[in-house]
Amino acid sequence: MNRDHDAYETLASVYALGALDGDDLAEFEAHLARGCERCAATLSASEETIARLAAEGPRRTPPPEVRRALLQRLEATAPRRERAAGRSLWLPWMLGMAAAVIAAIWVTGGFIAARYEARLDRMTREAAEARERLRQEQDGLRAELQRYAGVIELLRDPATRVVTLRGAGAAPEAGARLVWNETRGGQLFVTNLPPAPEGKAYELWTITGGRPRAAGVFQTDASGKGTHAVEAAPGGKPVEVFAVTVEPAAGASSPTGPIVLASAK
Amino acid sequence: MDPGADLIRRMAAGDRQAFAPFYDRFAPLVYPLVLRIVRDRQDAADVLQDVFWEVWQGAHTYDPARGSPEAWIVMRARSRAIDRVRAVRRRSETFVAPLDDSVAQAPAGGGADAASLAADRETALARLPEPQREVIELAYAAGLTQTEIAERLKQPLGTVKSRIRLGLERLREAFGGAP
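Just so you know, these numbers come straight off a predicted model, no measurement behind them. (Residues numbered from 1 in each chain as written. Chains lettered and ligands numbered in written order. Predicted model: local features only at pLDDT ≥ 70, side-chain atom pairs only at ≥ 80, totals over all residues. Heavy atoms only, no water.)

Asks: Looking at this model, I keep getting lost on the overall build of chain A. Mind explaining?
Replies: The secondary structure content of chain A amounts to five helices and eight strands. Buried positions account for 34% of the 265 residues belonging to chain A. Considering only residue pairs separated by 6 or more positions, chain A has 55% of its internal contacts joining residues 24 or more positions apart. Total accessible area computed for chain A in this model is approximately 16500 Å², and 58% of it derives from carbon and sulfur atoms. (Helix = DSSP H or I, 4+ residues; strand = E, 2+ residues; numbered from the N terminus. Buried < 20%, exposed > 50% of the residue type's maximum accessible area, 1.4 Å probe, protein only. Contact = heavy atoms within 4.5 Å. Areas by Shrake-Rupley, 256 points an atom, 1.4 Å probe, with all protein chains shown as cover.)

In structure tokens form, the structure reads like this:
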């Protein structure tokens with residue numbers, strides 16, 4: 001046992017010099033790993049001897065690049081707040097960055113302004129157009145509302161009647177209703193009457209005692225619909241027949257064109 | 001406290017200011033060992049950088065009860081240098097181990113080492129009996145393994161091991177036991 005251990009102490013010396021190899025190396029490391037204090041002590045003593053051997057040898061300053069490289073490596077891993085020396089580099093760098101950012105904002109700002117001013121112009125113009133369109137629509141709706149209100153008002157009057165007009169001639173499909181009050185006038189609602197030809201309009205006639213009297217011109221839209229407010233006939237005589245003819249757009253004082261709508265007598 | 005041990009303790013605590021003094025104190029001691037083993041200035045510089053970087057990162061593993069700072073850094077440096085030279089040897093497979101005389105006469109670094117090696121002859125190593133000096137120098141200065149030494153000297157492996165042990169014990173006595 002002692003002799004075996006003596007062998008290990010020999011290995012410890014060789015191991016300290018880094019000269020152990022092969023099975024001896026594996027065996028000694030295993031032995032040491034098992035916690036042999038004697039071998040650890042021998043190894044330690046051998047290491048101190050080798051250090052003394054080194055100490056009595058020559059001293060030589062290594063190439064300065066090694067020191068420089070190590071200190072740079074050390075600096076590179078230092079936490080930022082510890083880099084007091086590096087801080088002097090941070091300020092100019094940050095100022096440079098700030099200047100670059102400001103310049104970029106200024107240039108970009110100008111670019112965006114130029115771009116968006118044109119867009120804003122266009123949007124303002126479009127908004128004005130939309131507003132005008134809305135105003136017109138609103139006016140149209142208000143007029144329509146007044147018309148309906150007027151019709152409802154008329155319908156409350158027991159004297160008011162609803163006259164049906166039927167298509168005739170070139171517009172057999174056409175039809176119309178006239179809410180009519182002899183003293184207050186009325187409202188004509190036309191359906192399925194195609195728009196009048198270019199330069200022409202539809203003209204309503206009130207016929208009393210066989211004499212037609214012009215009661216205003218109107219147009220129909222693409223869907224064949226149209227409305228027309230009709231004034232009461234002067235004199236208060238009851239209208240016998242309502243008829244619509246095609247006339248010049250400005251209207252005529254007496255019917256000249258073909259009848260397209262007419263009420264039954 | 002030993003100044004070297006104090007520097008290691010400070011490095012273990014993360015004190016970066018301790019690194020440069022530690023390097024300045026130990027690099028000139030360690031560099032000739034590394035250079036003699038790897039026998040190439042660039043390799044030696046690389047090994048030295050690796051060793052000191054490992055020391056910075058592994059400073060907390062140093063135990064003053066187990067040994068001196070000198071032994072700690074010298075063992076690490078020798079170990080790294082030997083690793084390097086053996087890796088090179090494995091790659092080339094054309095290694096011609098220097099004889100002890102050739103180590104003395106043609107050291108890496110040329111002329112600068114000549115005087116220091118002459119000085120070596122008045123050292124404890126130089127005063128060892130020839131058989132012990134020979135094996136220790138081949139291991140210590142050239143980084144050969146026991147088997148390589150045995151082959152080179154045409155001696156039994158057991159003889160080489162015994163001579164190494166005896167040589168180290170003599171040196172230890174020469175240095176006065178404790179470091």
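We are not done yet, so read on.
Asks: What should I look at first to understand the nonpolar core in this one?
Replies: The nonpolar side chains of a soluble globular protein tend to be buried, and buried together. Counting residues in hydrophobic clusters, the biggest one holds 74 residues, and the most contacted among them are M11, F22, F52, I136 and Y140 of chain B. Per-element accounting of this core gives the leading share, 13 residues, to helix α2 (residues 19-38) of chain B. Setting aside residues no more than four positions away along its own chain, M11 of chain B makes contact with A18, F19, F22, V55, W56 and A59 of chain B. Counting 22 residues, the second largest nonpolar core, distinct from the first, contains L193, A196, V239 and L261 of chain A. (Core = buried A, V, L, I, M, F, W, Y, C linked by side-chain atoms within 4.5 Å.)

Asks: How should I be thinking about the sheet that holds strand β1 (residues 161-167) of chain A in this particular structure?
Replies: Paired through backbone hydrogen bonds, the strands of a sheet run either parallel or antiparallel to each other. Residues and elements named next belong to chain A. Read across the open sheet, the eight strands follow the order β5-β4-β7-β8-β1-β2-β3-β6; overall the sheet is antiparallel. What marks the edges here is a single partner per strand, and that holds for β5 (211-218) and β6 (226-230). Across this sheet, the average inter-strand angle for adjacent strands is 25 degrees, counted without regard to direction. As judged from the three bridges shared by β1 and strand β8 (residues 259-263), these two strands associate in the antiparallel manner. Bridge pairing in β8 places R166 opposite A262. (Pairing = 2+ DSSP bridges. Axes fitted to C-alpha atoms, helices over the stretch in contact; angles between N-to-C directions.)

Asks: Please explain the packing of aromatic side chains as it appears in this structure.
Replies: The description of two aromatic rings rests on the distance between their centres and on the angle between their planes. Residues and elements named next belong to chain B. Tallying each qualifying case throughout the model produces ten aromatic pairs over all chains. Between F22 and F52, the aromatic rings sit 5.9 Å apart at their centres with planes inclined by 65 degrees, giving edge-to-face as the arrangement. Pair noted here: F22 is in helix α2 and F52 is in helix α3 (residues 41-57), with a separation of 30 residues, a long-range link. The pair formed by F22 and F52 is uniform in burial state, with each residue classed as buried. (Phe/Tyr/Trp six-rings, centres within 6.5 Å; stacked < 30°, edge-to-face > 60°.)

Asks: Looking at this structure, how should I read the pattern of salt bridges?
Replies: Pairing between side chains of opposite charge can happen when their charged atoms approach one another. Evaluation of the coordinates by the stated rule reveals 20 salt bridges over all chains. Salt-bridge contacts for E9 of chain A lead to R165 of chain B; the nearest nitrogen and oxygen are separated by 3.9 Å. Placement of E9 of chain A in helix α1 (residues 2-16) and of R165 of chain B in helix α9 (residues 157-174) is noted, with the two residues assigned to different chains. Overall, E9 of chain A belongs to the buried group, its relative accessible area being 12%. A salt bridge links E153 of chain A to R156 of chain A; the shortest N-O distance between them is 3.5 Å. A residue pair is termed a helical-turn pair when its members lie 3 or 4 positions apart in one helix, as E153 of chain A and R156 of chain A do in helix α5 (residues 84-156) at three residues. On the basis of relative accessible area, R156 of chain A is assigned to the exposed category, the value being 61%. (Salt bridge = Lys/Arg side-chain N within 4 Å of Asp/Glu carboxyl O.)

Asks: Is there a simple way to think about the pairing of strand β4 (residues 200-208) of chain A in this case?
Replies: Regular strands have side chains that alternate between both faces of the sheet. All names here are of chain A. Burial analysis of β4 places seven of its nine residues in the buried class, the great majority of the element. Across eight bridges, β4 lies against strand β7 (residues 241-248) in antiparallel orientation. Bridge pairing links L204 to V244 in β7. As paired elements, β4 and β5 share six bridges and run antiparallel to each other. Counterpart to T208 in the pairing with β5 is R211. Linking two consecutive strands that pair antiparallel, namely β4 and β5, is a turn of two residues; a positive phi of about 60 degrees is found at G209 within it.

Asks: Just to check I follow, could you spell out unusual backbone geometry for this structure?
Replies: The phi dihedral of N192 of chain A is positive, around 55 degrees, even though this residue is not glycine. Inspection of the secondary structure puts N192 of chain A in the loop between β3 (185-191) and β4. For R39 of chain B, which is not glycine, the phi dihedral falls at a positive 60 degrees.

Asks: Help me understand the packing of helix α7 (residues 130-140) of chain B against α9 of chain B in this model?
Replies: Helix-helix packing is described using two parameters, namely the angle between the two axes and the distance between the axes. All names here are of chain B. Contact geometry of α7 with α9 gives a least axis separation of 8 Å together with a crossing angle of 100 degrees. Taken together, the axis directions place α7 and α9 in an arrangement best described as roughly perpendicular. Across the interface between the two elements, P131, Q132, E134, V135 and I136 of α7 pack against V160, R163, I164, L166, G167, L168, R170 and L171 of α9. Residue composition of the contact of α7 with α9, grouped by class: eight nonpolar, two polar and three charged. (Parallel < 35°, antiparallel > 145°, perpendicular 65-115°, else oblique. Nonpolar A, V, L, I, M, F, W, Y, C, P; charged D, E, K, R; others polar.)

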